[in-house]
Amino acid sequence: MTEKDFVPNPYTNLPSGGKVTWKAPSNIALVKYWGKKANQIPANPSISFTLDACATTTSVSYTKKEDISQLSFDLFFEGKPKEDFKPKILTFFERIEAYLPFLKAYHFKIETSNSFPHSSGIASSASGMAALALCLVEIERTINRDITDTFFKKKASFLARLGSGSACRSIEGDLIQWGEYAGISESSNLYGINYPFNVNAIFKNFHDSILLVHKGQKQVSSTVGHDLMHDHPYAERRFTQAHENLDKLKKVFESGNLDDFIKIVESEALTLHAMMMTSMPYFVLMKPDTLEIINKIWAFRETTKVPICFTLDAGANVHVLYPESVKEKAIQFIQDELVAHCENGHYICDRIGSGARKLIAHEG
Ligand code: DP6
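Source: prediction; values computed, not measured. (Residues numbered from 1 in each chain as written. Predicted model: local features only at pLDDT ≥ 70, side-chain atom pairs only at ≥ 80, totals over all residues. Heavy atoms only, no water.)

1. What to know about the overall build of the protein chain
Part 1 of the argument: Secondary structure assignment for the protein chain yields eight helices and 14 strands.
Part 2 of the argument: Computed over C-alpha atoms, the radius of gyration of the protein chain comes to 20 Å, within 12% of the 21 Å expected from 2.2 N^0.38 for 364 residues, which places it in the range of a compact globule.
Part 3 of the argument: Based on the C-alpha atoms only, the size of the protein chain along its principal axes is roughly 70 × 45 × 45 Å.
Part 4 of the argument: The buried share among the 364 residues of the protein chain stands at 54%.
Part 5 of the argument: Counting every atom, the protein chain has about 16,100 Å² of accessible surface; 51% of that belongs to carbon and sulfur.
Part 6 of the argument: Put simply, the protein chain has 40 plus and 42 minus side-chain charges, and the middle of one group is 2 Å from the middle of the other. (Helix = DSSP H or I, 4+ residues; strand = E, 2+ residues; numbered from the N terminus. Rg over C-alpha atoms; globule rule 2.2 N^0.38 Å. Buried < 20%, exposed > 50% of the residue type's maximum accessible area, 1.4 Å probe, protein only. Areas by Shrake-Rupley, 256 points an atom, 1.4 Å probe, with all protein chains shown as cover. Lys, Arg positive; Asp, Glu negative; His and termini not counted. Charge placed at Lys NZ, Arg CZ, Asp CG, Glu CD.)

Structural data, given as structure tokens:
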């Protein structure tokens with residue numbers, strides 16, 4: 001599919017208004033997206049576990065307006081007007097207008113909230129943009145009833161990507177691949193797809209305990225970080241490595257070999273941060289406690305042989321990944337040894353999830 005396939009035929013009649021609500025989860029990449037081209041096209045393919053507990057719920061109310069020359073919306077975050085989120089949403093609306101030509105016909109009231117604390121340092125852009133994209137395609141579905149479920153999800157992923165790249169992996173579960181990759185013929189730079197090959201049962205109920213090492217604002221945003229991959233001395237080799245790691249993961253997903261899984265996932269996390277440290281300007285998002293946690297995970301794994309590992313996103317927090325079979329041991333270890341490195345002892349127990357869902361009026 002190409003971008004053009006997401007441009008609808010002219011609408012015949014627009015409803016006067018309504019309200020839709022979607023809840024979309026966050027996701028954690030195993031092979032990382034870091035570096036992009038124009039129009040939110042990733043420089044390399046990525047793959048992620050869809051999460052379950054960390055999610056954004058968004059309602060969009062829409063009312064037809066007279067003046068169709070401009071975009072118009074109000075934004076409420078956790079019940080309160082949120083002016084500082086508006087520029088990002090406006091940019092998003094401008095990018096997607098060609099694909100949703102009804103946008104200027106309505107005034108929107110966007111009400112959004114996260115399941116995780118606002119100050120947790122967890123990026124909400126993936127779940128937030130996914131939930132908003134789903135609401136907007138839902139509105140389009142009330143205008144054009146012919147939209148199939150498959151197309152609905154593809155278009156939501158396509159639009160979410162234009163808000164935040166990783167958001168395109170937050171529509172469905174449980175393992176989502178995004179970006180052109182020779183090993184998967186249906187892969188696309190435009191949207192995420194369900195991983196199409198065999199996945200061993202061990203990966204079906206993986207856990208992700210997110211250790212909140214630093215809850216403050218990051219010094220360097222992901223968008224700036226992606227940009228620094230242009231003219232980066234190691235960029236091309238890194239992009240090739242992502243393809244190689246996807247090849248390796250294919251075997252791992254099939255066999256359930258956790259030793260190999262751990263090697264790939266931890267290497268991806270450290271490579272991501274190595275790219276940041278070797279950018280110009282260079283920057284470091286890990287904190288001393290991030291490294292303490294990593295060292296403790298390595299020592300624990302060495303002595304106990306419990307297959308627990310870490311990954312990182314673009315920040316100081318640590319995602320601790322482990323299979324269901326070692327859940328008790330992992331949680332005990334986190335409580336005994338790792339919680340001390342979390343800001344105010346905070347961590348969130350999440351697990352692999354099945355994707356976004358539409359909420360009906362009375363649901364929370
Ligand atoms: C390190 O999707 O947040 O989490 O497209 O600029 O919004 P934008 O970036 P974003 O980048 C995520 C980077 C990452 C890796 C990943 O999720 O694949």
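2. Description of the domain arrangement of the protein chain
Part 1 of the argument: When cut into domains, the protein chain gives domain 1 (3-197) and domain 2 (203-351).
Part 2 of the argument: Computed from C-alpha coordinates alone, the two centres of domain 1 and domain 2 are separated by 25 Å.
Part 3 of the argument: Between domain 1 and domain 2, the residue contacts involve 32 residues of the former and 43 residues of the latter.
Part 4 of the argument: For the domain 1 and domain 2 pair, buried surface summed over both sides reaches about 3,100 Å², with 69% attributable to carbon and sulfur atoms.
Part 5 of the argument: Seen at the junction of domain 1 and domain 2, the total is one salt bridge.
Part 6 of the argument: For the salt bridge of K204 with D174, the shortest nitrogen-to-oxygen distance reads 3.4 Å.
Part 7 of the argument: Counting across the domain 1 and domain 2 interface gives 12 residue pairs in polar contact (both at pLDDT 80 or more).
Part 8 of the argument: Contributions of two or more residues to the side of domain 1 that touches domain 2 are made by β1 (17-31), β4 (46-64) and β8 (175-178).
Part 9 of the argument: Here the element with the most residues in the side of domain 1 that touches domain 2 is β4; it accounts for seven residues. (Domains from an automatic or database assignment. Contact = heavy atoms within 4.5 Å. Buried area = accessible area lost by both parts, 1.4 Å probe. Salt bridge = Lys/Arg side-chain N within 4 Å of Asp/Glu carboxyl O. Polar contact = N/O pair within 3.5 Å; in protein donor to acceptor, adjacent residues only side chain to side chain.)

3. What to know about the packing of helix α1 (residues 86-96) against helix α3 (residues 149-163)
Part 1 of the argument: For the pair α1 and α3, interaxial distance at closest approach is 8 Å and the crossing angle is 130 degrees. Taken together, the axes of α1 and α3 lie oblique to each other. Viewed along their axes, α1 and α3 form a crossing whose handedness is right-handed. On α3, the residues touching K88, F92, R95 and I96 of α1 are L159, L162 and G163.
Part 2 of the argument: Split by residue class, the contact of α1 with α3 holds four nonpolar, one polar and two charged. (Axes fitted to C-alpha atoms, helices over the stretch in contact; angles between N-to-C directions. Parallel < 35°, antiparallel > 145°, perpendicular 65-115°, else oblique. Left-handed = near helix turned anticlockwise from the far one by under 90°. Nonpolar A, V, L, I, M, F, W, Y, C, P; charged D, E, K, R; others polar.)

4. Some thoughts on the nonpolar core
Part 1 of the argument: In this structure, L30, F93, F108, L136 and F261 are the most contacted members of the largest nonpolar core, which totals 77 residues.
Part 2 of the argument: The residue makeup of this core includes at least three contributed by each of domain 1 (3-197) and domain 2 (203-351).
Part 3 of the argument: Residues in contact with F108, not counting those within four places in the same chain, are V60, S61, Y62, S72, F73, D74, F93, F102, L103, L136 and I139.
Part 4 of the argument: By size, the runner-up hydrophobic cluster in this structure holds 23 residues, among which are A269, L338, V339 and C342. (Core = buried A, V, L, I, M, F, W, Y, C linked by side-chain atoms within 4.5 Å.)

5. Points about unusual backbone geometry
In most cases, non-glycine residues show a negative phi, while peptide bonds are predominantly trans.
Part 1 of the argument: In the segment running from G173 into D174, the intervening peptide bond is cis, with an omega of -10 degrees.
Part 2 of the argument: Position of D174 relative to the elements: it lies in the loop between α3 and β8.
Part 3 of the argument: Here M280 and P281 are connected by a cis peptide whose omega angle stands at 0 degrees.
Part 4 of the argument: The phi torsion at Q40 lies on the positive side, around 60 degrees, for a residue other than glycine.
Part 5 of the argument: Within the secondary structure, Q40 sits in the loop between β2 (36-37) and β3 (41-42).
Part 6 of the argument: Exposure remark for Q40: the relative accessible area of 6% places this residue in the buried category.
Part 7 of the argument: Its identity as a non-glycine residue notwithstanding, E78 has a phi of 50 degrees, on the positive side.
Part 8 of the argument: Turning to its location among the elements, E78 is positioned in the loop between β5 (72-77) and β6 (80-81).
Part 9 of the argument: Residue E78 is classed as partly exposed on the basis of its relative accessible area, which comes to 36%.

6. Quick look at the site of the ligand
Part 1 of the argument: Taken together, 16 residues lie around the ligand, and Y33, K36, S164, G165 and S166 are the ones closest in.
Part 2 of the argument: R169 is positioned with one of its side-chain polar atoms (N or O) 2.7 Å from an oxygen atom of the ligand.
Part 3 of the argument: Between the ligand and H226, the relevant distance is 2.9 Å, taken from an oxygen atom to a side-chain nitrogen or oxygen of the residue.
Part 4 of the argument: Out of a free accessible area of 460 Å², the ligand has 92% covered by protein chains. (Near = heavy atom within 4 Å.)

7. Quick look at the pairing of strand β12 (residues 318-322)
Part 1 of the argument: Most of β12 is tucked away: five of the five residues are buried.
Part 2 of the argument: The alternating pattern of β12 places V318, V320 and Y322 and H319 and L321 on opposite faces, both of which are buried.
Part 3 of the argument: Inspection of the sheet shows strand β10 (residues 207-211) paired to β12 by five bridges, in the antiparallel sense. Bridging from a neighbouring strand, S209 pairs with V320 of β12.
Part 4 of the argument: Here four bridges tie strand β11 (residues 309-312) to β12, and the two strands are oriented antiparallel to one another. Considered in β12, the bridge of L312 is made with V318.
Part 5 of the argument: Hairpin geometry of β11 and β12 is characterised by an intervening segment of five residues between the two adjacent antiparallel strands. (Pairing = 2+ DSSP bridges.)

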